Amino acid sequence: MLSWEERRQLVKVANLYYTEGWTQQQIAKKIGVSRPVISKMLQRAKDAGIVEVYIKDESVHTVELEKGLEEKFGLQDTVVVPSVGFTPDMVRRAVGQAAAHYVSRHLKTNVERLGISWGTTLSEFVKEYPFERRENMNIVPLVGGMGTKSVEIHANQLAYELAKKMNGTCSYLYAPAIVESVELTERLVQMQDIAQVLEEGKNVEVAIVGIGNPHKGSTMKDIGYIHETDIQSLKKAGAIGDIGSRFFDQDGVPIEHELNKRIIGLRLRDLKNIPYVIGIVEGTYKAESIEAALKGGYVQTLITDEQTALALLN
């Protein structure tokens, strides 16, 4: 039990430190004691309930969401970006910035092969990525993408831009993401240049992917990769989402559909063999797609926005 005098002294020290912004050394000099004594007094003030420290920050809420997602889906790591009141473009940019910071900080120096998929959110990630020196790094596109529409979000372009940022090298997958027939797909994947890059994709140490919803806000539809008839048949086949233009059902299982056989890119079973996969995705309309991808075990780390995290947990 503190005496009145002890309590008064603790209040005085705590007030100088927390309210007035004095350093512990300045307080020690004023009172005539050593700095470690002041440190102990501040701790006693906390223990006695004179000082209650709490973090007043929007990130506290997002940290709780991160913990919830990790526990629910068995994720290795999660980053949830505050997004209340943001426009969709602002959310995409914020998630891209957070992802760029995360990958730059967590990508080990001995990683030499990194794969990247395609899409608008990954494009923001690459734009926000800092300039580094990773001369031994080779970036590999995980899915084809040719044509003149939305070139800036194609895997080849993203691999090239990210390699520039890292001062590394990149490979090019000279093939469309989706071709006209299964027969043509089979012929193309046997061509030496294409086969070599597909093999490189299987052997990357880290992959960075987006997750799509074929039924709502589909970038594949927007740029003409798939059409309304495709979307209806995908729906009938149970498609709920896609990674690298490969479609899966609500349990994350690849669907039996001709479109999945006409893709030139990494297969979902090969994605599962990559040691570390980071999913960068935003938008509540993708919640079911993300949940299915997490059930399928395709992603170890998820970087998303606050509203989407809430939708996944609810």
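Residues numbered from 1 in each chain as written. Predicted model: local features only at pLDDT ≥ 70, side-chain atom pairs only at ≥ 80, totals over all residues. Heavy atoms only, no water.

## Considerations on the side chain of S83
For clarity, the cut-off: Strands here mean DSSP runs of E at least two residues long; helices mean DSSP runs of H or I at least four residues long; both are numbered from the N terminus. Counted as a polar contact is a pair of N or O atoms within 3.5 Å, where, for protein atoms, one must be capable of donating a hydrogen and the other of accepting one, and residues adjacent in sequence contribute only when both atoms are in side chains. Note on contacts: a residue pair is in contact if any heavy atoms of the two residues lie within 4.5 Å.
Within the fold, S83 resides in the loop between strand 1 (77-81) and helix 5 (88-106). At 3.5 Å, the side chain of S83 forms a polar contact with the side chain of D305. A distance of 3.4 Å separates a polar side-chain atom of S83 from the backbone nitrogen of Q307. Excluding residues within four positions of it along the chain, S83 makes contact with V91, D305, E306 and Q307.

## Concerning the packing of aromatic side chains
For clarity, the cut-off: By convention, a stacked pair of Phe, Tyr or Trp rings (six-membered ring in the case of Trp) has centres within 6.5 Å and planes under 30 degrees apart, an edge-to-face pair has planes over 60 apart, and any other such pair is tilted. Exposed residues in this analysis have more than 50% of their type's maximum accessible area, buried residues have under 20%, and partly exposed residues fall in between, with area computed by a 1.4 Å probe over protein chains only. Two limits define a charge over a ring: the Lys NZ or Arg CZ must be within 6 Å of the ring centre, and within 35 degrees of the ring normal.
Inspection of every chain in the model, using the stated rule, returns four aromatic pairs. An angle of 75 degrees between the planes, with centres 5.7 Å apart, marks the rings of F125 and Y129 as edge-to-face. For the pair formed by F125 and Y129, the shared burial category is buried. A ring pair is formed by F248 and Y298, whose centres lie 6.0 Å apart and whose planes are at 35 degrees; its orientation type is tilted. You can see F248 sitting in strand 7 (residues 246-248) and its partner Y298 sitting in the loop between helix 14 (287-295) and strand 9 (301-305), a full 50 residues away along the chain. Accessibility assignment for this pair places F248 and Y298 in one class, buried. Directly above the ring of F131 sits K165, whose terminal nitrogen or CZ lies 5.3 Å from the centroid.

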